[in-house]
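Now for the letters of each chain:
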Amino acid sequence: MNRMIVEDRIFPDCPIRNILARISDKWSLLVIYTLRNAGNTSMRFKELQRAIPDISQKMLTVTLRTLAEDGLVTRTVFPEVPPRVEYALTVRGQSLLPHIDALLDWAKENMEAILRDRRAAV
């Protein structure tokens, strides 16, 4: 299976499946948000891992690789011993931030009502 494309046989050109599926997984938005909070600086792998304590090393690696493949994150390797690797948002990744902010604002505005509806449904 090709990891680069999420295929939809009915709507093969659908941007929802081919783009949004890659950033709407469990960790991608959280990694983007964490890198954003670093400001204009990059973050090392361990810094990201400490900032998101419930993500495993493997999932952080996979998530960062996917975000880099989509041009949302840069990965810079410094030729040192041991190697130092830093991650930062690209211009494309930064262009996603206003949309993430809008989603977060919506979630904050609606959280109480949604939680109330969930309790009522049980």
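Presented here is a report on the structure given in the accompanying data block. (Residues numbered from 1 in each chain as written. Predicted model: local features only at pLDDT ≥ 70, side-chain atom pairs only at ≥ 80, totals over all residues. Heavy atoms only, no water.)

Here's the deal with the pattern of salt bridges
In step 1: Inspection of every chain in the model, using the stated rule, returns five salt bridges.
In step 2: With its nearest N and O atoms 3.1 Å apart, the salt bridge here joins Arg-22 to Asp-70. Taken together, the residues Arg-22 in helix 1 (residues 15–23) and Asp-70 in the loop between helix 4 (57–69) and strand 2 (73–78) connect sequence positions 48 residues apart.
In step 3: With relative accessibility at 6%, the residue Arg-22 sits in the buried group.
In step 4: For Asp-70, a relative accessible area of 25% puts it in the partly exposed group.
In step 5: Residue Asp-101 is joined to Arg-36 by a salt bridge in which the shortest nitrogen-to-oxygen separation is 2.6 Å. (Salt bridge = Lys/Arg side-chain N within 4 Å of Asp/Glu carboxyl O. Helix = DSSP H or I, 4+ residues; strand = E, 2+ residues; numbered from the N terminus. Buried < 20%, exposed > 50% of the residue type's maximum accessible area, 1.4 Å probe, protein only.)

Describing the side chain of Thr-63
In step 1: Structurally, Thr-63 is set in helix 4.
In step 2: At a separation of 2.7 Å, a polar atom in the side chain of Thr-63 contacts the main-chain carbonyl oxygen of Met-59.
In step 3: Setting aside residues up to four positions removed in sequence, Thr-63 forms contacts with Trp-27, Ser-28 and Val-31. (Polar contact = N/O pair within 3.5 Å; in protein donor to acceptor, adjacent residues only side chain to side chain. Contact = heavy atoms within 4.5 Å.)

What about the pairing of strand 3 (residues 84–89)?
In step 1: The buried fraction of strand 3 is high, at six of six residues.
In step 2: Residues Arg-84, Glu-86 and Ala-88 point to one face of strand 3 and Val-85, Tyr-87 and Leu-89 to the other, with burial holding for every one of them.
In step 3: Of the pairings in the sheet, the one linking strand 1 (residues 43–44) to strand 3 comprises two bridges and is antiparallel in character. Across the sheet, residue Met-43 finds its bridge partner in strand 3, namely Tyr-87.
In step 4: Bridge analysis of strand 2 against strand 3 gives six bridges, and the strand direction is antiparallel. Considered in strand 3, the bridge of Val-73 is made with Leu-89.
In step 5: The antiparallel pairing of strand 2 with strand 3 creates a hairpin that spans five residues between the two strands. (Pairing = 2+ DSSP bridges.)

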